[in-house]
Structures are given as structure tokens and as C-alpha cells.
Amino acid sequence: MEMSKAVFLDRDGVINRERGDYTFKIDDFELLPSVIEALKKAQKKGFKLIVITNQGGIAKGLYTPTEVELLHAYLRKELEKENVFLTDIFYSPHHQDYSKSLDRKPDSLLFEKAMAIHKINPLQSIMIGDSERDIIAAKKVNIHGFLIEPNSSFAEIIDKL
């Protein structure tokens with residue numbers, strides 16, 4: 001069976017601007033400038049594009065899963081206008097202060113689910129994150145992680161793939 005390769009991406013600070021507060025409203029969502037071109041390059045190189053994001057504000061009662069899903073539908077639509085197609089988006093609704101869960105990064109359950117569902121070879125895949133917990137989670141499943149500064153470009157990483 002042929003395995004796929006993927007670029008796993010954190011959401012806030014990697015795809016959209018990290019505001020220092022929870023982003024769950026479309027009005028607060030701002031794609032970072034170089035994201036579309038970088039994702040196009042990854043897609044052209046045969047990588048599946050998978051978002052793995054912690055959404056602890058759900059556990060805190062600040063917003064609902066429906067609000068997150070509406071925002072993700074908006075993200076998909078904006079990217080599709082530019083011929084960028086996300087393979088999948090996985091999010092953890094948990095927060096360590098409210099509910100323990102293996103799907104919240106730095107744990108790796110969402111990566112494991114994504115790899116099983118989409119038949120991903122971890123050794124051919126990478127994770128781009130702006131937090132140490134993104135890299136720790138990826139490492140647990142043998143995915144090479146790249147730590148970037150929040151709101152910075154990851155285009156150079158994609159160029160080297």
C-alpha cells in the first residue's frame with residue numbers, strides 16, 4: 001500500500017496571525033502573507049496538508065465547536081479560491097486546566113488519527129509549529145518538526161523539501 005507524505009501545520013501563528021487571544025471569529029481571522037504560496041508549493045510537491053490545532057477555548061466555555069468548524073470552513077474556502085486544498089483539519093477541544101486528553105498537543109493522538117485516516121508515512125512528513133508543544137507532539141510519532149517564530153514565514157522550509 002502506497003503511503004502519503006504530509007505537511008502538518010499548527011493553525012494560530014503559522015497559518016493565521018497569532019493575536020495573543022483565542023481566534024474563533026471570522027472577523028479576527030487573518031491569513032499570514034506567505035501562507036498561500038508556501039502551501040501551493042507543498043501541494044505541488046505531493047504533500048497532503050493537514051492542520052492540527054489546540055482549541056482549548058472550547059473547554060473554557062469561551063466558544064463552541066460549531067464556531068471553530070465555521071472558522072475552519074471559512075479557512076478552507078479562502079484557500080480553495082487560491083487552489084490550495086487542505087486534506088483535513090483536526091482540533092482538540094480540551095484544555096489541560098479543565099480536561100486531560102491525549103489529543104491535545106504536546107500529546108500525539110490527533111497526529112495518530114490523521115496518519116491512520118490518510119495513510120501518512122511519518123518519516124516523509126513534517127510538522128510546522130510555533131510552539132514547543134507542536135514539535136514535541138510530532139516527535140512522539142516520528143515526524144520531523146520545524147519550530148518557527150509566531151507569525152513568521154515557513155516558505156523556506158517548504159522550498160527545502
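Our structure is the block above this text.
Residues numbered from 1 in each chain as written. Predicted model: local features only at pLDDT ≥ 70, side-chain atom pairs only at ≥ 80, totals over all residues. Heavy atoms only, no water.

Side note on the overall build of the chain
Okay, so step 1: Looking only at helices and strands, the chain features 5 helices and 5 strands.
Okay, so step 2: Each helix and strand of the chain, ordered N terminal to C terminal, gives the series β-α-β-α-β-α-β-α-β-α.
Okay, so step 3: Here the chain has a C-alpha radius of gyration of 15 Å; the compact-globule value for 161 residues is 15 Å, and the two agree.
Okay, so step 4: Overall size of the chain, expressed as C-alpha extent along the three principal axes, is 40 × 30 × 30 Å.
Okay, so step 5: Residues classed as buried in the chain amount to 47% of the 161 residues present.
Okay, so step 6: Across the chain, contacts joining residues at least 24 apart in sequence account for 68% of those joining residues at least 6 apart.
Okay, so step 7: Taken as a whole, the chain presents about 8,000 Å² of accessible surface, with 51% of it coming from carbon and sulfur.
Okay, so step 8: Charge-centre separation for the chain: the mean point of 23 positive side chains lies 3 Å from the mean point of 25 negative side chains. (Helix = DSSP H or I, 4+ residues; strand = E, 2+ residues; numbered from the N terminus. Rg over C-alpha atoms; globule rule 2.2 N^0.38 Å. Buried < 20%, exposed > 50% of the residue type's maximum accessible area, 1.4 Å probe, protein only. Contact = heavy atoms within 4.5 Å. Areas by Shrake-Rupley, 256 points an atom, 1.4 Å probe, with all protein chains shown as cover. Lys, Arg positive; Asp, Glu negative; His and termini not counted. Charge placed at Lys NZ, Arg CZ, Asp CG, Glu CD.)

A look at the packing of aromatic side chains
Each aromatic ring pair is described using two quantities: the centre-to-centre distance and the angle formed by the ring planes.
Okay, so step 1: Applying the stated criterion across every chain, the model contains 4 aromatic pairs.
Okay, so step 2: Each ring, one from F29 and one from Y74, has its centre 6.1 Å from the other, and the planes form 90°; the classification is edge-to-face. Taken together, the residues F29 in the loop between β1 (5-9) and α1 (35-44) and Y74 in helix α2 (residues 65-80) connect sequence positions 45 residues apart.
Okay, so step 3: Take F29: its relative accessible area is 8%, and that puts it in the buried class.
Okay, so step 4: Connected via pairs of aromatic rings, a cluster forms that spans Y22, F24 and Y63.
Okay, so step 5: A cation sits over an aromatic face here: K5 above F47, 4.4 Å from the ring centre. (Phe/Tyr/Trp six-rings, centres within 6.5 Å; stacked < 30°, edge-to-face > 60°. Lys NZ or Arg CZ within 6 Å of the ring centre and 35° of its normal.)

Section: the side chain of S92
Okay, so step 1: Within the secondary structure layout, S92 lies in strand β3 (residues 88-92).
Okay, so step 2: Using a relative accessible area of 0% as the deciding quantity, one classes S92 as buried.
Okay, so step 3: Look past the residues within four positions of S92 in its chain and what remains in contact with it is T53, N54, Q55, G56, D103, R104 and L110.

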